[in-house]
Amino acid sequence: MKRIFALMSWVGISVLWATACLPLRAQTSQAADGEQVVSGVVRDRDTRKKLENVTVALVGTTVGTVTNAEGEFTLKIPAGWSDARVELSHLGYLNTRFAPAEEKDGRGHRSVNLVMVPVASQLDEVVIYGGEARRIVEQALRKVPANYPLTDNLMTAFYRETIQKRHRYIGISEAMMDVYKTSYVRRDIGNDKVQLTRGRRLLSQRQSDTLAVKVVGGPSLSLSFDVAKNPDILLDEASLDLYAFRLEPSVLLDDRLHYVVSFCPRVRLDYALFEGKLFIDCQRLCFSRAEFALDFSDRALAVAAILRKKPAGLRFRPQEVRFLITYRQQGDVTCLHYLCNEIRFKCDWKRRLFASSYTARSEMVVVEREEHPDRIIARRDAFHPQQVFYDVVEDYWDEGYWKDYNIIEPTESLEHAVKKLRKNR
């Protein structure tokens, strides 16, 4: 079994001198001719809690995004789709559809408040294959070639990295990128590539924020942590013996009943394993969602899994490494939609009394997908897994950054951080 993090690129936590940066809310600019921009907040109908990571998609298209931590989203609807409906889907809720209202501000913008209805009661267990959790996972693995794209795909994706020191943002980097994926028939990512097209960054200038640490992450997450396509990261039939599986109560996801299979390490190896949950469609037996974290039962192995570089004398203490991967049903095909990687760690220098807490977060959402693309990403243009994103972001600087693209709406705290970082620049 290959080492689980071998294909991941790096997130650098070194904070350098900032360059000029456009405000993060550039997506609220004038809508293009015929384009409609719909913004909104999604809440739980009963508790009024704002819902994070809700899939917001234009029905009948590959256009979509997700809500941020405050339940907010902005969706740009291309010209010619003004009559289309927008669908919301989220774990444990009934799907919600709405028709974007007519323009009211003369710029094609519309703000809406939406609610999602939670599943009223715990769903009954649906038992097949004798209810054996591992056998359900094995069947889902065998059906990957039938459930996922049979042809090559070229996806447009929005990518964001943020770095926090305690509760203060000290680094924000963003990009639009192309992700080329070959067919899922062979479950091989050897020819899959990522290409950055546009990007920008904003970093703290405080000397005390400078921390020359490199941890796993980066734009190549879209390749290495696509658990349905990359068998080396988690779901390899040959490595299933490493885990203990258990069937949990079923849940509703995208209006479809799903098995929930939890797993945890059952052996000790010389590298860290994972623990988490897999969400498998009961009828199609496809993986729709994966939530998992690095096992910290051996902290030394956890450090070795994620740390790539640090200065001498700096003590690096990881607290949590979590991943979320979601897939979206498009007709008869299940496609990658959203990935998120969050690493929480503490660092302190020898002879210092207190340690500083850091959070490095990488997330990517697929906003458009093209089947049978006319081009592939040349190897010379591809983002290399060993590159650090913020080291090369200036090469992709573009004043017309957002254009017609959909992104993940930044949270209020992120907006505040941008203003503060720009003010101190």
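The written sequence of each chain sets the order in which its residues are numbered from 1. Predicted model: local features are reported for residues with pLDDT of at least 70 only, side-chain atom pairs are reported and counted for 80 or more only, and whole-chain, interface and lining totals are derived from all residues. Heavy atoms throughout the structure, all of them, feed into the side-chain values; hydrogens and water do not.

1. Topic: the overall build of the protein chain
Thought 1: What the protein chain contains, in helices and strands, is six helices and 20 strands.
Thought 2: Accessible area is worked out with a 1.4 Å probe on protein chains only. A residue is then buried under 20% of its type maximum, exposed over 50%, and partly exposed in between. A buried classification covers 57% of the 425 residues belonging to the protein chain.
Thought 3: The method behind every accessible area is Shrake-Rupley, applied with a 1.4 Å probe, and residues are considered shielded solely by the protein chains displayed. Surface exposure of the protein chain reaches about 18700 Å², of which carbon and sulfur atoms provide 47%. Each helix is a run of H or I in the DSSP string that is no shorter than four residues. Each strand is a run of E no shorter than two, and both are numbered from the N terminus.

2. Description of the side chain of His258
Thought 1: Tracing the sequence through the fold places His258 in strand E14 (residues 256–265).
Thought 2: N or O atoms closer than or at 3.5 Å make up a polar contact, with two conditions inside protein: a donor-capable atom paired with an acceptor-capable one, and, for residues adjacent in sequence, both atoms drawn from side chains. A distance of 2.9 Å separates a polar atom in the side chain of His258 from the backbone oxygen of Arg256.
Thought 3: A contact between two residues is defined here by any heavy atoms of the two lying within 4.5 Å. Setting aside residues no more than four positions away along its own chain, His258 makes contact with Ser250, Val251, Leu253, Phe279, Ile280, Asp281, Cys282 and Ser288.

3. Re the environment of Ala304
Thought 1: With respect to the secondary-structure elements, Ala304 resides in helix H4 (residues 299–306).
Thought 2: Taking C-alpha positions, Ala304 is 7.8 Å from Tyr271, a pair spaced 33 residues apart along the chain.

4. Observations concerning the sheet that holds strand E7 (residues 96–98)
Thought 1: We call two strands paired when DSSP finds no fewer than two bridges between them. Spatial ordering of the open sheet is given by E4-E3-E6-E7, a layout of four strands whose pairing is antiparallel. A strand with exactly one partner marks an edge of an open sheet, and here the two such strands are strand E4 (64–66) and E7. Taking each pair of neighbouring strands and ignoring which way they run, the sheet shows an average axis angle of 20°.
Thought 2: Both strand E6 (residues 86–89) and E7 contribute to a ladder of three bridges, which runs antiparallel. Each residue of the ladder has a partner; that of Glu87, found in E7, is Arg97. Working convention: axes come from line fits to C-alpha atoms, limited for helices to the stretch in contact. Angles between N-to-C directions cover 0 to 180 degrees.

5. Notes on unusual backbone geometry
Thought 1: Positive phi, normally seen in glycine, also occurs at Arg166, with a value near 60°.
Thought 2: Relative to the elements of secondary structure, Arg166 occurs in the loop between strand E9 (153–165) and strand E10 (168–181).
Thought 3: Among the residues examined, Arg166 registers a relative accessible area of 47% and is labelled partly exposed.
Thought 4: Here His372, not a glycine, exhibits a phi torsion of approximately 50°, which is positive.

6. Focus on the packing of aromatic side chains
Thought 1: Each aromatic pair joins two rings of Phe, Tyr and Trp (for Trp, the six-membered one) with centres within 6.5 Å, and gets the label stacked for planes under 30 degrees apart, edge-to-face for over 60, and tilted for any other angle. Tallied over the entire structure, the rule returns 13 aromatic pairs.
Thought 2: Each ring, one from Tyr148 and one from Tyr184, has its centre 5.4 Å from the other, and the planes form 15°; the classification is stacked. Separated by 36 residues along the polypeptide, Tyr148 in the loop between helix H2 (144–147) and E9 and Tyr184 in the loop between E10 and strand E11 (193–203) bring together distant segments of the chain.
Thought 3: Classification of Tyr148 as buried rests on a relative accessible area of 1%.
Thought 4: Classification of Tyr184 by relative accessible area gives buried; the value is 3%.

7. As for H4
Thought 1: Regarding H4, the residues found buried are Leu301, Ala302, Val303, Ala305 and Ile306.
Thought 2: One side-chain oxygen at the N-terminal end of H4 lies 3.1 Å from the backbone nitrogen of Ala300; it belongs to Asp298.

8. Examining the nonpolar core
Thought 1: With 73 residues, the main nonpolar core has Val137, Leu234, Ile280, Phe287 and Phe292 as its most contacted residues.
Thought 2: For this core, the leading source of residues is strand E18 (residues 314–330), giving six residues.
Thought 3: Those residues in contact with Ile280 that sit more than four places away from it in its chain are Ile136, Val137, Ala140, Leu257, His258, Tyr259, Val261, Leu285, Cys286 and Phe287.
Thought 4: The next biggest cluster of nonpolar side chains, apart from the first, holds 18 residues, and it includes Val42, Val56, Val63 and Met116. Note on terminology: a nonpolar core comprises buried Ala, Val, Leu, Ile, Met, Phe, Trp, Tyr and Cys residues joined through side-chain atoms within 4.5 Å.

9. Section: the pattern of salt bridges
Thought 1: Each salt bridge in this description consists of a side-chain nitrogen of Lys or Arg and a carboxyl oxygen of Asp or Glu lying within 4 Å of one another. Inspection of every chain in the model, using the stated rule, returns 21 salt bridges.
Thought 2: Note that Arg160 and Glu174 form a salt bridge whose closest N and O atoms lie 2.8 Å from each other. Pair noted here: Arg160 is in strand E9 and Glu174 is in strand E10, with a separation of 14 residues, a long-range link.
Thought 3: One network of salt bridges, with partners in common, ties together Glu52, Arg160, Glu174, Arg200, Glu342, Arg361 and Glu363.

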